[in-house]
Amino acid sequence: MPAPYNTNTTTIELVTDYKALMKDKVILTTGVSPGSLGGTFVQSLAEADPAYLILAGRNTAKLEQCVSELHTANPNLKTRTLQIDLGSLKSVRSAAEQVNSWTDIPTIDVLVNNAGIMATEYGLSEDGVESQFATNHLGPFLFTNLVMGKILNSEAPRVVMVTSDGHRLSPIRFDDYNFDGGETYNKWAAYGQAKTANMLMALSLSSKLGVKNGLLAFSLHPGVIFTNLGSHLDWSGDVGLQFIDRQLGNREGWAEFNPKTLERGAATHIYAAFDPALKANNGAYLIDCHVADPLIDTVKPWGTSHFEAERLWKLSEELVGQDFAY
């Protein structure tokens, strides 16, 4: 048995321990770009001789740059790119249709919903939904369910939702997910709502498809990592996050940031996607390469409620205009 992992564990350590489990697997990762968590994650996977790495993202130029870098280091690696804008249900449906048309890739062993946006100014998606909720939740919800047939073809299917301890900032606002047309909008509360949704989606998938189909689903907080996700924010002058944490009584409102490197942040991606012992904790929320402990880690009850998860599933089906009855 490998030693227990922790906040200092790196991707290199986990690839070493899990290489046999990663070999010959097909892994689809969204939100892949240079210098990102997604990019670091797929670079790590490439060392383990996977069957296919499918890189999905909105910017095709950035996808191709990642592919070029992967092939330079691993000339025999098989890759595929997928253009997808998770803020557009039309784009999501088109991307899923493309994936389902790939007859040479009948199976997806692991889907990592890594893409997301953070604390953006108020806006609505083309489908009329607040942009963070649309991009971080509704897009992944629809895409995952539309390619579920290929996921369930795997002998050991997994879905990983990259969430955040930022879920502490808001539960799901079931009766006002659009913040009263922007009148009551707080970009950090909106981020919190979307991240809570990621946790609840993993919980729903584990409940609906775990025992019946053997699907494992997990959500994870990678840690605080300064990537292009927050490049639009002025961390020195934006006091909104600290203000809302203090207003809610969260200890983070008085704490200093303790940022991780990309290699430490993406380690929990690998842990969630491949750790064999996690079968005993299907649906769990993970942090620092372990199952989060509510007594120590930031875990809000609204992110682990099966009732809230089912309620969100129904709302999500309504908003995407399609039912997924498993």
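Residues numbered from 1 in each chain as written. Predicted model: local features only at pLDDT ≥ 70, side-chain atom pairs only at ≥ 80, totals over all residues. Heavy atoms only, no water.

The cut-off we apply is this: UniProt positions are given in the numbering used here, feature names are shortened, and annotations may be inferred rather than shown by experiment.
The chain appears in an unreviewed UniProt entry as Short-chain dehydrogenase from Penicillium antarcticum. Check the Sequence similarities (unreviewed entry) section of the UniProt entry for the chain; it says "Belongs to the short-chain dehydrogenases/reductases (SDR) family."

1. With respect to the sheet that holds strand β2 (residues 52-57)
Our working definition: A pair of strands is treated as paired once DSSP finds two or more bridges between them. Counting from the N terminus, the helices are DSSP H or I runs at least four residues long and the strands are E runs at least two residues long. Should any heavy atoms of two residues lie within 4.5 Å, those residues are counted as being in contact. Each axis is a line fitted through C-alpha atoms, and for a helix only the stretch in contact is used; angles between axes span 0 to 180 degrees, taken between their N-to-C directions.
Strand order in the open sheet formed by 8 strands is β3-β2-β1-β4-β5-β6-β7-β8, and the pairing between neighbours is mixed. Strand pairing shows two members of the sheet lacking a second neighbour, β3 (79-83) and β8 (290-291), which therefore form its edges. Summarising the sheet, β2 and β3 pair through 5 bridges and their orientation is parallel. When the bridges of β3 are listed, G57 appears paired with Q83. The strands that helix α2 (residues 37-45) touches are β1 (26-30), β2 and β4 (110-113); relative to β1, the one it contacts most, it runs at about 165 degrees.

2. Considerations on the pattern of salt bridges
The line we're drawing: One side-chain nitrogen of Lys or Arg within 4 Å of one carboxyl oxygen of Asp or Glu is enough to make a salt bridge. Residue burial is assigned from relative accessible area. The probe radius is 1.4 Å, only protein chains are included, and a residue is buried under 20% of its type maximum, exposed over 50%, and partly exposed in between.
Scanning all chains against the criterion turns up 10 salt bridges. E121 is paired through a salt bridge with K187; the nearest N and O atoms lie 3.8 Å apart. One end of the pair, E121, is in the loop between β4 and α5 (131-146); the other, K187, is in helix α7 (residues 187-213), and 66 residues separate them in sequence. Taking relative accessible area as the criterion, E121 reaches 59% and is therefore assigned exposed. For K187, a relative accessible area of 19% translates into the label buried. Between E252 and R168 there is a salt bridge whose closest N-O contact spans 3.6 Å. Residue E252 is found in the loop between α8 (240-248) and α9 (262-265), and its partner R168 is found in the loop between β5 (158-162) and α7; the two are separated by 84 residues along the sequence. Like R168, E252 is buried. It is possible to trace a salt-bridge network through shared partners that takes in D165, R168, D245 and E252.

3. Overview of the nonpolar core
The test is simple: Here, nonpolar core means buried Ala, Val, Leu, Ile, Met, Phe, Trp, Tyr and Cys residues that are tied together by side-chain atoms lying within 4.5 Å of each other.
Counting residues in hydrophobic clusters, the biggest one holds 50 residues, and the most contacted among them are L28, V99, F133, F143, I151, L205 and L312. Excluding anything up to four places from it in sequence, I151 contacts I108, L111, T144, P157, V159 and L215. L55, V162, L220 and L286 belong to the second largest nonpolar core, which has 40 residues in total.

4. Concerning the environment of A189
Here A189 lies in helix α7. The sequence separation of A189 and G166 amounts to 23 residues, and the corresponding C-alpha distance is 8.8 Å. In this structure A189 touches L169, S170, F179 and I244, once residues within four positions along its chain are discounted.

5. Some details on the packing of α7 against helix α11 (residues 306-320)
Counted only if it meets this: Note on angle classes: values under 35 degrees are labelled roughly parallel, values over 145 roughly antiparallel, values of 65 to 115 roughly perpendicular, and the remainder oblique. Classification used: nonpolar for Ala, Val, Leu, Ile, Met, Phe, Trp, Tyr, Cys and Pro, charged for Asp, Glu, Lys and Arg, polar for all others including Gly.
Two elements in contact, α7 and α11, have axes whose closest approach is 8 Å; the angle formed by their N-to-C orientations is 95 degrees. Taken together, the axes of α7 and α11 are roughly perpendicular relative to one another. Counting all contacts with α7, which are made through A197, L200, L203, S204, L205, S207 and K208, the residues of α11 involved are H306, E308, A309, E310, L312 and W313. Classifying every residue of the contact of α7 with α11 by side-chain character gives 7 nonpolar, 3 polar and 3 charged.

6. Considerations on α11
Note the following rule: Multiplying 1.5 Å by the residue count of a helix minus one yields the expected span of that helix. Any pair of nitrogen or oxygen atoms within 3.5 Å is treated as a polar contact; in protein, a donor-acceptor pairing is required on top of that, and neighbouring residues in sequence qualify only through side-chain atoms on both sides.
Over its 15 residues, α11 extends 21 Å from the first C-alpha to the last, a length consistent with the 21 Å expected when each residue adds 1.5 Å. Taken as a whole, α11 has its buried residues at E308, A309, L312, W313, L315, S316, E317, L319 and V320. Looking at the buried positions of α11, the neighbouring elements they touch are α4 (89-101), α5 and α7. Here α11 starts with a cap whose side-chain oxygen sits 3.3 Å from the backbone nitrogen of F307, and that cap is S305. Following α11 by one or two positions, G321 has its phi on the positive side, about 75 degrees.

7. Re the packing of aromatic side chains
Two descriptors summarise a pair of aromatic rings, namely the distance from one centre to the other and the angle between the planes of the rings. Condition: The rule is short: rings of Phe, Tyr and Trp, with Trp giving its six-membered ring, pair when the centres are within 6.5 Å, and they are stacked under 30 degrees, edge-to-face over 60, tilted in between. Should the NZ of a Lys or the CZ of an Arg lie within 6 Å of a ring centre and within 35 degrees of the ring normal, that charge is described as sitting over the ring.
With the rule as written, the count across this model stands at 9 aromatic pairs. Judged by centre distance (4.9 Å) and plane angle (65 degrees), the rings of Y122 and Y185 are edge-to-face. Separated by 63 residues along the polypeptide, Y122 in the loop between β4 and α5 and Y185 in the loop between β5 and α7 bring together distant segments of the chain. Look at Y185 and you get buried, because its relative accessible area is 16%. Summarising the aromatic geometry, the rings of F141 and W313 are spaced 4.8 Å apart at their centres and angled 75 degrees between planes, so their arrangement reads as edge-to-face. Here W313 lies in helix α11 and F141 lies in helix α5, a separation of 172 residues in the sequence. Accessibility assignment for this pair places F141 and W313 in one class, buried. Here the aromatic residues F141, W313, F324 and Y326 are joined through ring pairs into a cluster of three or more. The ring centre of W102 lies 4.9 Å from the NZ or CZ of R80, which sits over that ring. Across the ring face of F179, the terminal group of R173 is positioned such that the distance to the ring centre comes to 4.0 Å.

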